[in-house]
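What the coordinates show
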Amino acid sequence: QVQLVESGGGLALTGDSLRLTCKASTSGYTMGWFRQAPGKEREFLAAIAWEVHRTAYRDSVQGRFTVSRDDAKNSAFLQMNSLQLDDTAVYYCAAPRSRSALPTRAGEYAFWGQGTQVTVSS
């Protein structure tokens, strides 16, 4: 069982940057980032494997969002640059049950944080 807590969300203007943090209760898991806007399905954004730090990104955010982690602190980060109005959503971090996986689908993740709201306005 892994407990995950996100932080760093808030209000931003278009073009701003935000850095989200996900703190895990234990080490050794891939950390994934997702978001869900009102009326839309939860979508994968990025994931980073433990120790080797292999990454995966959603095509539409690659180059604008960067995932990283600090294994010593059991933390993962999502740096979001050039924020746009349609980045407004609740952002979640998640961990899969398989420690070695780097999944990109929500159904492959077993543990979820409570989410942090990101609101972008013009």
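Look up: the structure comes first, before these words.
Description of the structure in this document. This one's a predicted model, so the numbers in the text were calculated from it and none came from an experiment. (Residues numbered from 1 in each chain as written. Predicted model: local features only at pLDDT ≥ 70, side-chain atom pairs only at ≥ 80, totals over all residues. Heavy atoms only, no water.)

**Section: the pattern of salt bridges**
- The tally for this structure, following the rule as stated, stands at 6 salt bridges.
- Across the pair Asp-87 and Arg-35 runs a salt bridge, and its minimum N-O distance is 2.8 Å. One end of the pair, Asp-87, is in the loop between strand 8 (75-80) and strand 9 (89-96); the other, Arg-35, is in strand 4 (residues 31-36), with 52 residues separating them in the sequence.
- In this structure, the salt-bridge partner of Glu-108 is Arg-105, at a minimum N-O distance of 3.2 Å.
- Judged by its relative accessible area of 35%, Glu-108 is partly exposed.
- A relative accessible area of 57% means that Arg-105 is categorised as exposed.
- Counted as one network, the salt bridges with shared partners bring together Arg-35, Glu-43, Arg-58, Arg-64 and Asp-87. (Salt bridge = Lys/Arg side-chain N within 4 Å of Asp/Glu carboxyl O. Helix = DSSP H or I, 4+ residues; strand = E, 2+ residues; numbered from the N terminus. Buried < 20%, exposed > 50% of the residue type's maximum accessible area, 1.4 Å probe, protein only.)

**Some words on the nonpolar core**
- In this structure, Leu-4, Trp-33, Phe-65, Leu-78, Met-80 and Tyr-91 are the most contacted members of the largest nonpolar core, which totals 29 residues.
- Residues within four places of Leu-78 in sequence aside, it is in contact with Leu-18, Arg-19, Leu-20, Trp-33, Leu-45, Ala-46, Phe-65, Thr-66, Val-67 and Tyr-91. (Core = buried A, V, L, I, M, F, W, Y, C linked by side-chain atoms within 4.5 Å. Contact = heavy atoms within 4.5 Å.)

**Things to note about the pairing of strand 11 (residues 116-121)**
- Only one face of strand 11 is covered, namely the one carrying Thr-116, Val-118 and Val-120; the face carrying Gln-117, Thr-119 and Ser-121 has none of its residues buried.
- When strand 2 (residues 10-13) meets strand 11, the two strands line up parallel, connected through 4 bridges. Bridge assignment links Ala-12 to a residue of strand 11, and that residue is Val-120.
- Pairing of strand 9 with strand 11, which is carried by 3 bridges, proceeds in the antiparallel orientation. In the sheet register, Tyr-91 faces strand 11, and the bridge partner there is Thr-116. (Pairing = 2+ DSSP bridges.)

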